[in-house]
Amino acid sequence: MRIKITADSTCDIGEALAKKYDVEIIPLYVVMDDKPFMDLIEINPQQIFDHVASTGKICHTSAVNAALYGEIFAKYAKDYDAVIHVNLSSSLSACHQNAKIAAEEFDNVYVVDSLNLSTGSGHIVLDAAIMAREGKSAEEIVKFLEDAVKKVEASFVLDTLLYLQKGGRCSSIVALGANLLKLKPCIEVIDGKMQVGKKYRGTLNKCVEMYIADRLTGRDDIDYRRIFITHTAETNPELVKCAEEAVKKYGSFEEVLITSAGCTIANHCGPNCLGILFYRK
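Residues numbered from 1 in each chain as written. Predicted model: local features only at pLDDT ≥ 70, side-chain atom pairs only at ≥ 80, totals over all residues. Heavy atoms only, no water.

A. Region of interest: the overall build of the protein. When helices and strands are counted, the protein shows eleven helices and 13 strands. The C-alpha atoms of the protein give 18 Å as radius of gyration, which agrees with the globular expectation for 281 residues (19 Å, within 12%). Referenced to the eigenvectors of the C-alpha coordinate spread, the extents of the protein come out at roughly 55 × 50 × 30 Å. The burial tally for the protein puts 53% of its 281 residues in the buried class. Considering only contacts in the protein between residues 6 or more positions apart, those separated by 24 or more positions represent 75%. Of the side-chain charges in the protein, 32 are positive and 38 negative, and the distance between the mean point of each set is 6 Å. (Helix = DSSP H or I, 4+ residues; strand = E, 2+ residues; numbered from the N terminus. Rg over C-alpha atoms; globule rule 2.2 N^0.38 Å. Buried < 20%, exposed > 50% of the residue type's maximum accessible area, 1.4 Å probe, protein only. Contact = heavy atoms within 4.5 Å. Lys, Arg positive; Asp, Glu negative; His and termini not counted. Charge placed at Lys NZ, Arg CZ, Asp CG, Glu CD.)

Set out below in C-alpha cells:
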C-alpha cells in the first residue's frame, strides 16, 4: 500500500527530515507589510526578526486555504492509495478546518489534528511516515496518530515576550515586568492550546538548563524513543549546544533531533526561543 504523508510547515521537521521521510510540506504564509510570503520558501525567520527590530512592527501569519490543500491532495490522491495530512492544532489555526474542507472532495484523504505545534506536530508526522513505509494501512496509521497526539509533551522557553505582546497574546505590563526581572517564561501546549508555565530567572543558558532539568528529571512516564530540540537561535549556537548537553545529561533518548523553527513559530516566539518536545508513555 502506497501512502503519502503531508504536513503543515509548522511541523518544523526541516528540509533534511522531510526529504528523508518523503513528507510533502505545505507552507503557511507570513504577512509582512501587507504582502504574503510562503513560510521558509519566500521568507526566513531572520528576515522577520530584522523587520521587527527596524520597524517595531510584527508580522502576521495566515492559514493555508482550502484551495491550496485541495491542489496538493489532488496531486497525490490519484497516484497513492491514501494521503494522510497532519495539521497544526485546530485551536491555534484555521488550517485544520480548511484541510478538512478540501479532503471532502476525496475518498482517500485523511486529515489528522496534531493538537500541537512545531515538532510536537513533527513527532506525529515522522511516525506517520515510518508507519507508511512499513506498509500499514491508512486506517491503522490514523488510529495510531489519534492516540499518539494525546501523549506529546511540548514546551519551550522564551527569551523575550515582545513578540507575544505585539501579537496580542501578552499584555504590555506583563511583558515589561518579565523583561525588568529577566524572567524567561515556559510556554506549554495543553489540549492544543498555549499556556504559561513556570518562569525562570537568570541568563538564558542557565534558564534553559533549569527548564530541561525540570521537564526530564524525577519522572517515569517519558518515552525515550525520540526527542526534538527545536529553536529560533540560528545566531546563538551556544544556546543550542547548552540544550543538547542538558538533554543528554538529564535524559537517555535513543534519538535526539535538533531543528530550527520555521517562520510561523518564529513570528510568535521571537529569537532565541528553545523547546524540547517528546512523547510520554
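Now that the structure has been shown, we can carry on.
B. Structural detail: helix H4 (residues 95-103). Restricting attention to buried positions, one finds in H4 the residues Cys95, His96, Asn98, Ala99, Ala102 and Ala103. One face of H4 carries all of its buried residues, which in axial projection span an arc of 165 degrees. Summarising the contacts, the buried residues of H4 are in contact with strand S1 (3-8), helix H3 (66-77), strand S6 (82-87) and strand S7 (109-113). (Arc of directions from axis to C-beta.)

C. Seen up close, the environment of alanine 82. Secondary-structure assignment places alanine 82 in strand S6. Among the residues examined, alanine 82 registers a relative accessible area of 3% and is labelled buried. Those residues in contact with alanine 82, other than ones at most four positions away along the chain, are Arg2, Ile3, Lys4, Asn108, Tyr110 and Ala138.

D. Molecular detail of the state of the cysteines. Under the defined criterion, the tally for this structure stands at zero disulfides. Distance from the sulfur of cysteine 11, which forms no disulfide, to the nearest cysteine sulfur (cysteine 95) is 12 Å. On the accessibility criterion, cysteine 11 (3% relative accessible area) is buried. No disulfide involves cysteine 269; its sulfur sits 4.1 Å from that of cysteine 273, the nearest cysteine. Here cysteine 269 falls in the buried class, since its relative accessible area comes to 5%. (Disulfide = S-S within 2.5 Å.)

E. Broad picture of the packing of helix H9 (residues 204-216) against helix H10 (residues 237-250). At a minimum axis distance of 9 Å, the contact between H9 and H10 shows a crossing angle of 25 degrees. Between H9 and H10, the angle falls in the class roughly parallel. The element H9 and its partner H10 pack so that their crossing is right-handed. Contacts between H9 and H10 involve Leu204, Asn205, Val208, Glu209, Ile212, Ala213 and Leu216 on the former and, on the latter, Glu238, Leu239, Cys242, Ala243, Ala246, Val247, Lys249 and Tyr250. (Axes fitted to C-alpha atoms, helices over the stretch in contact; angles between N-to-C directions. Parallel < 35°, antiparallel > 145°, perpendicular 65-115°, else oblique. Left-handed = near helix turned anticlockwise from the far one by under 90°.)

F. Just the sheet that holds strand S3 (residues 29-32), in detail. Taken in spatial order, the three strands make up an open sheet running S4-S3-S5, and their pairing is antiparallel. With partners counted over all chains shown, the strands left at the sheet margins are strand S4 (35-38) and strand S5 (60-62), one partner each. Averaged over all pairs of adjacent strands, the angle between strand axes in this sheet comes to 35 degrees, irrespective of strand direction. Pairing of S3 with S4, which is carried by four bridges, proceeds in the antiparallel orientation. From the neighbouring strand, tyrosine 29 faces S4, where its bridge partner is methionine 38. (Pairing = 2+ DSSP bridges.)

G. Just the environment of leucine 204, in detail. For leucine 204, the position within the fold is in helix H9. Here leucine 204 falls in the buried class, since its relative accessible area comes to 12%. The contact partners of leucine 204, leaving out residues within four places of it in the chain, are Asp159, Lys184, Asn236, Leu239 and Asn272.

H. The confidence of the model for the protein, seen in detail. Chain-level pLDDT for the protein is 92 on average; 93% of the residues reach the 70-or-more range. Overall, residues 167-178 carries pLDDT values under 50, and its contacts beyond four positions in sequence, including any with other chains, amount to 14 contacts. (pLDDT = per-residue confidence, 0-100.)

I. Quick look at the pairing of strand S10 (residues 193-201). As judged from the seven bridges shared by strand S9 (residues 183-190) and S10, these two strands associate in the antiparallel manner. Note that in S10 the partner of lysine 184 across the bridge is tyrosine 200. What sits between the antiparallel neighbours S9 and S10 is a turn of two residues, in which aspartate 191 has the positive phi angle 50 degrees.

J. Molecular detail of the pattern of salt bridges. Scanning all chains against the criterion turns up 17 salt bridges. Note that glutamate 134 and lysine 136 form a salt bridge whose closest N and O atoms lie 3.3 Å from each other. Relative accessible area serves as the criterion here: at 51%, glutamate 134 is assigned to the exposed category. The shortest N-O distance in the salt bridge between arginine 225 and aspartate 223 comes to 4.0 Å. The exposure class of arginine 225 is partly exposed, given its relative accessible area of 30%. Judged by relative accessible area, which is 23%, aspartate 223 ranks as partly exposed. Taken together, the shared-partner salt bridges in this structure form one network comprising Glu153, Glu188, Arg215, Arg219, Asp221 and Arg280. (Salt bridge = Lys/Arg side-chain N within 4 Å of Asp/Glu carboxyl O.)

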